[in-house]
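Chain by chain, the residues:
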Amino acid sequence: MAWSYYQRIIAVLQIITGSFNTLSVKYADLQVVVGEDEQLRHFNHPFMQSLFMFFGEVLCLVAFKFFYYYYNRRSDGSVDNNVLTKGSRTFNPFVLLIPALCDMFATSIMYIGLNMTYASSFQMLRGSVIMFTGLFSIGFLNKKLELREWIGIGFVIAGLAFVGVSDILIMEDNDMSVNSVVTGDLLIIFAQVITAIQMVVEEKYVAQQDIPALQAIGWEGIFGFIGISIALIPLNYITAPPPFTDNSRGTLESSVEALNQIKNNTPLLIATLGIVFSIAFFNYAGISVTKEISATTRMILDSVRTVVIWIFSLSFQWQRFHYMQLIGFIILLIGMACYNNIVIPQLVLKYRRQLGRHTVPENETHIINTAADDVQETI
């Protein structure tokens, strides 16, 4: 089935804003600013960056309220038909508590990992969420994985291995060690387990209850903002060694230092604003894709932005090119294509149909053709 104009818009919006968000976070990580001890330090504040992210999501609820009151005052029924406001408004907000908590833990862990590895690898490794989403769908959504989906998961695992090896081979920053890069990659993959739970829960509950996308993201932002704000209290006192921390206090987080660094560094301030506003649009587009299409499609689109991030990282010399990373990325794409029944399964069916013209009886050929046509209609 062809996508509607609105579905194409939110798909493109997800790719653009998602790419900008990852690049903004990495750009902030690369900034060297003066800390409270008057020493130059990298901006290593993943939990504060998570706080900024959730603040951006809260802005989605503000936007929803604005559009709701605007269209409601028109008294022409547009409030129930406009894509920004239509949907149920009698749901229990706490149904979004679990996705918000998943988002809080996953984002914080991913931002820690991003500090230790490369932006392009960060995005590629996030493709592992396809594997975990598929496995969790078996239990939570009562789905039965087909052979092509298992094959796709196998390709994803192989692709992740290539990406992990390439990260070690392209290391050239003296501040980064093999242990740091490997730990960062593993943290990012682990975070995808939590993200997969979030995606499946959103597909199961958000889509069924028809919650307006802006409102859903806003409530997730409120829960996440409150949760990370509470977590910051102990995090400001828990000590940790590098590379998990790089602040003057030697703790997992130093909120006051982070705010002072942002205040005194204009590029860092711009990057922080980029994080806030890009995540607002990205999450709106993401949950809209989940609601309008599916959670799997959301993951595929999320992986497309890898190309943008990779090209940007190479162009600005944030990393150097290695062929193994390209091989890993291609294998990941093949795995995701197989899993989501895109292109590759159709090519296999076409080849079988061509081969069957000479070896398969007419009635069996008809069955293969019918199956291929049915698959094509579902795309």
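All residue numbers refer to positions counted from 1 along the written sequence of the respective chain. The predicted nature of this model means local features are confined to residues of pLDDT at least 70 and side-chain atom pairs, given and counted, to a pLDDT of 80 or more, with totals for whole chains, interfaces and linings taken over all residues. As a convention, hydrogens and water are excluded, and side-chain values are obtained from all of the structure's heavy atoms.

As annotated in an unreviewed UniProt entry, the protein carries the name Solute carrier family 35 member F6 and comes from Cardiocondyla obscurior. UniProt positions are given in the numbering used here, feature names are shortened, and annotations may be inferred rather than shown by experiment. The Subcellular location (unreviewed entry) field of the UniProt record for the protein holds the comment "Membrane".

1. Quick look at the overall build of the protein
Elements are defined by DSSP. Helices are runs of H or I of four residues or more, strands are runs of E of two residues or more, and each kind is numbered from the N terminus. A count of helical and extended segments in the protein gives 14 helices and two strands. Evaluated residue by residue, the protein yields a buried proportion of 52% over its 379 residues. Contact between two residues is taken to exist if any of their heavy atoms lie within 4.5 Å; hydrogens are not considered. In the protein, of all internal contacts separated by at least 6 residues, the share reaching a separation of at least 24 is 78%. Roughly 17,900 Å² of accessible area belongs to the protein as shown, and the carbon and sulfur atoms make up 66% of that amount. Only protein chains enter the calculation, and the probe is 1.4 Å; a residue is then buried if its accessible area is under 20% of its type maximum, exposed if over 50%, and partly exposed in between. Each accessible area value is a Shrake-Rupley result obtained with a 1.4 Å probe; residue values ignore everything except the protein chains displayed when judging cover.

2. Topic: the UniProt feature "transmembrane region" (unreviewed entry) in the protein
Residues given the UniProt feature "transmembrane region" (unreviewed entry) here are residues 51-71, 91-112, 124-141, 150-170, 182-201, 213-238, 268-287 and 324-344. Helix makes up 88% of residues 213-238 and strand 0%. Its end C-alpha atoms lie 36 Å apart.

3. A look at the pattern of salt bridges
By salt bridge we mean one thing: a side-chain nitrogen of Lys or Arg within 4 Å of a carboxyl oxygen of Asp or Glu. Inspection of every chain in the model, using the stated rule, returns four salt bridges. Between Asp246 and Arg41 there is a salt bridge whose closest N-O contact spans 3.3 Å. Here Arg41 lies in strand β2 (residues 40-42) and Asp246 lies in the loop between α8 (213-235) and α9 (255-263), a separation of 205 residues in the sequence. For Asp76, the salt bridge identified is with Arg74, shortest N-O distance 3.5 Å. Linked by salt bridges that have partners in common, Asp37, Arg41 and Asp246 make up one network.

4. A few points about the nonpolar core
Grouped together as the largest cluster of nonpolar side chains are 57 residues, with contacts concentrated most on Phe47 and Leu332. Element by element, the count of residues in this core is highest for helix α3 (residues 97-116), at nine residues. Apart from residues no more than four positions distant in its own chain, Leu332 is found in contact with Met124, Val156, Gly159, Leu160 and Val163. The definition of a nonpolar core used throughout is a set of buried Ala, Val, Leu, Ile, Met, Phe, Trp, Tyr and Cys residues joined through side-chain atoms within 4.5 Å. Ranked by size, the runner-up nonpolar core spans 19 residues in total, among them Phe64, Leu84, Phe91 and Ala213.

5. Some points on the packing of aromatic side chains
Here the distance between the centres and the angle between the planes together describe a pair of aromatic rings. To pair, rings of Phe, Tyr and Trp, with the six-membered ring standing in for Trp, must have centres within 6.5 Å; the planes then decide the type, stacked if under 30 degrees apart, edge-to-face if over 60, and tilted in the middle. One pass over the full model with this rule turns up 11 aromatic pairs. Consider the rings of Trp219 and Phe223, whose centres lie 5.9 Å apart with planes at 35°: the pair is tilted. Here Trp219 pairs with Phe223, and both are found in helix α8, just four residues apart, close to one helical turn. Residue classification places Trp219 among the partly exposed residues on the basis of a relative accessible area of 25%. Look at Phe223 and you get buried, because its relative accessible area is 12%. Relative to Phe329, the ring of Trp310 lies with its centre 5.7 Å away and its plane at 80°, an arrangement referred to as edge-to-face. Placement of Trp310 in helix α11 (residues 295-315) and of Phe329 in helix α12 (residues 323-339) is noted, with a sequence separation of 19 residues between them.

6. A closer look at the side chain of Arg126
Tracing the backbone shows Arg126 in the loop between α4 (119-125) and α5 (129-140). Look at Arg126 and you get buried, because its relative accessible area is 14%. In this structure, Arg126 is in contact with Met110, Ile188, Gln192, Asp302 and Arg305, ignoring residues within four places of it in sequence.

7. Notes on α9
Turning to α9, its buried residues number three or more, namely Ser255, Glu257, Ala258, Gln261 and Ile262. Looking straight down α9, one finds that the buried residues subtend no more than 160° of arc, so they occupy a single side. Facing away from the buried side of α9 by over 90 degrees, the exposed positions are Val256 and Lys263. Packing partners of the buried residues in α9 comprise β1 (32-34), α2 (46-74), α8 and α10 (266-292). It is the directions from the helix axis to the C-beta atoms whose arc is reported.

8. Observations concerning a nonpolar patch on the surface
Candidate patch residues must exceed 30% relative accessible area and have no salt bridge, after which like charges are joined if within 9 Å and Val, Leu, Ile, Met, Phe, Trp or Tyr side chains if within 5 Å. A surface patch of nonpolar side chains, amounting to about 460 Å² of accessible area, comprises Phe321, Tyr323, Leu326, Ile327 and Ile330. Mapped onto the elements of the fold, Phe321 is located in the loop between α11 and α12. We classify Phe321 as partly exposed; its relative accessible area is 44%.

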